[in-house]
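Listed below, chain by chain, are the residues.
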Amino acid sequence: MRRPGWFAWSVTIFVVICMIAPMVAVIGVSFNPHAEMTFPTTGFSLKWYANVFQREQFPRSFQLSFWLAVAATLFSLTVGMLCAIALSRFRFFGKGAAVTLLSSPLIVPQVVLGMGFLVLLSQLGIVSSLVGLGILHAVLTLPYTVQVLTASLARFPESLEESAVIHGANRFVAFTRITVPCIKPGIVSAAIFAFVTSFENFTASQFLVWDRTTLPVEIYAYATLETDPTVCAISAMLIMMTAVVVIIAERWIGLEAVTK
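Right, let's walk through the structure included here. (Residues numbered from 1 in each chain as written. Predicted model: local features only at pLDDT ≥ 70, side-chain atom pairs only at ≥ 80, totals over all residues. Heavy atoms only, no water.)

1. Side note on the overall build of the protein chain
Heads up, the condition is: Think of it this way: any DSSP run of H or I at least four residues long counts as a helix, any run of E at least two long counts as a strand, and we number them from the N terminus. The buried label applies to any residue whose accessible area, calculated with a 1.4 Å probe on protein chains only, is under 20% of its type's maximum; exposed applies above 50%, and partly exposed to all values in between. We call two residues in contact when some of their heavy atoms are within 4.5 Å.
A count of helices and strands for the protein chain gives 12 helices and 0 strands. If you list the helices and strands of the protein chain from N to C, you get α-α-α-α-α-α-α-α-α-α-α-α. When burial is assessed residue by residue, the protein chain has 36% of its 260 residues classed as buried. Put simply, of all contacts in the protein chain between residues at least 6 apart along the chain, 69% involve residues at least 24 apart.

2. Focus: the pattern of salt bridges
The cut-off we apply is this: A pair is scored as a salt bridge if a Lys or Arg side-chain nitrogen falls within 4 Å of a carboxyl oxygen belonging to Asp or Glu.
The tally for this structure, following the rule as stated, stands at 1 salt bridge. Its salt-bridge partner being R55, residue E218 comes within 3.0 Å of it at the nearest N-O pair. Of this pair, E218 sits in helix 10 (residues 215-225) while R55 is found in the loop between helix 2 (47-54) and helix 3 (57-89), placing the two residues 163 residues apart along the sequence. The exposure class of E218 is buried, given its relative accessible area of 8%.

3. As for helix 6 (residues 130-155)
Selection rule: Multiplying 1.5 Å by the residue count of a helix minus one yields the expected span of that helix. Here the bend at a residue is taken as the angle between two axes, fitted respectively to the seven residues that end there and the seven that start there.
Helix length check: helix 6 (26 residues) gives 37 Å between terminal C-alpha atoms against 38 Å at 1.5 Å per residue, within 8%. Bending of helix 6 peaks at approximately 30 degrees at the position of T141, with proline P143 no more than four residues after it.

4. Quick notes on the environment of Q110
The line we're drawing: Definition of a polar contact: a pair of N or O atoms within 3.5 Å, with one able to donate and the other able to accept a hydrogen when the atoms are protein atoms, and with sequence-neighbouring residues admitted only if both atoms are side-chain atoms.
Structurally, Q110 is set in helix 5 (residues 110-124). Taking the C-alpha atoms as reference points, Q110 and P59, 51 residues apart in sequence, are found 26 Å from one another. When neighbours within four sequence positions are excluded, Q110 is seen to be in contact with L140, N201, T203 and A204. Within polar-contact distance, the side chain of Q110 engages the side chain of N201 at 2.6 Å.

5. Quick notes on the packing of helix 7 (residues 158-166) against helix 8 (residues 171-182)
Quick reminder of the rule: What counts as an axis is a line fitted to C-alpha atoms, over the stretch in contact for a helix, and the angles between N-to-C directions run from 0 to 180 degrees. To sort the angles, those under 35 degrees are grouped as roughly parallel, those over 145 as roughly antiparallel, those from 65 to 115 as roughly perpendicular, and the leftovers as oblique. Helix crossings get a hand from a simple test, with the near helix turned counterclockwise from the far one by less than a right angle marking a left-handed crossing and a clockwise turn marking a right-handed one. Only Asp, Glu, Lys and Arg are considered charged in this grouping, and only Ala, Val, Leu, Ile, Met, Phe, Trp, Tyr, Cys and Pro are considered nonpolar; every other residue, Gly among them, is considered polar.
For the pair helix 7 and helix 8, the least separation of the axes is 9 Å and the interaxial angle reads 135 degrees. The pairing of helix 7 with helix 8 is recorded here as oblique in orientation. Seen along the crossing, helix 7 lies across helix 8 with a hand that is right-handed. On helix 8, the residues touching L160, E161, E162, A164 and V165 of helix 7 are R171, A174, F175, I178 and T179. Split into classes, the residues belonging to the contact of helix 7 with helix 8 amount to 6 nonpolar, 1 polar and 3 charged.

6. Some details on the packing of helix 3 against helix 6
Between helix 3 and helix 6, whose axes approach to 6 Å, the crossing angle comes to 40 degrees. Comparing their axes, helix 6 and helix 3 come out oblique. Once helix 3 is placed against helix 6, the crossing between them reads as right-handed. The residue makeup of the contact of helix 3 with helix 6, split by class, is 18 nonpolar, 8 polar and 1 charged.

7. Notes on the nonpolar core
Going by this rule: Residues grouped as a nonpolar core are buried Ala, Val, Leu, Ile, Met, Phe, Trp, Tyr and Cys residues, joined through side-chain atoms within 4.5 Å.
Ranked by internal contacts, the top residues of the largest apolar core, which has 14 residues, are Y49, V52, F58, L215, I219, A233 and I234. Broken down by secondary-structure element, the contributors of at least two residues to this core are helix 2, helix 3, helix 10 and helix 11 (230-252). In terms of residues, this core owes the most to one element, helix 11, which gives 4 residues. Once you skip the residues sitting within four places of it in the chain, I234 turns out to touch V52, F58, L215 and I219. In this structure, L77, I85, L149 and F156 belong to the second largest nonpolar core, which totals 12 residues.

What follows is the structure, encoded as structure tokens:
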């Protein structure tokens, strides 16, 4: 195998720096003792981290975003698995149209999607509610779970499941005991994509929030009114949480399996 040349190394290092530098700057600014977003900082202080918890809206919006993402992930995993089974194992009329429709939230701009949900849910009277926001996030996350799980099932040899059925297991037992453990990396990947997509969504969610907002919307609202490093502090905490999730995924199933 040929070793990469200096140009490939240079491009790789440049891309890595461009990806890491903003996060390093955000973390650095979060420790600034002054109410200014300057980097490098002139001191060290944790007061902006304390301000995150002192401001009631941030913990409250974090809880809403977290449980909303959990609910959307569980729903999209369940429905996505059923859709993936249908798409990967059966032939039926309109299969191509079904694939296109299930992928449409990835194609339609989220501004259009959010506005469309605002108009539709207003007619149904559930625009300013958890139900409406939950439906939106379920629609946003479903395409990721369908695509990842469909690819995982397509690579899985169905003959292994058929062997279990031949030896007396029913379809459900064969699927849960044989297929699910074998496609666990795909399930974890789909769950991560769904959770992150729901948790970080801002563009579409801003149309449906009310007195209770999601964390990205609350961060944006705070940043438009204040210029202190509080938003950098909460962003740094989210970066650390993401790093923990990545480490857990690496220890559990390996990052190579998640990114396949």
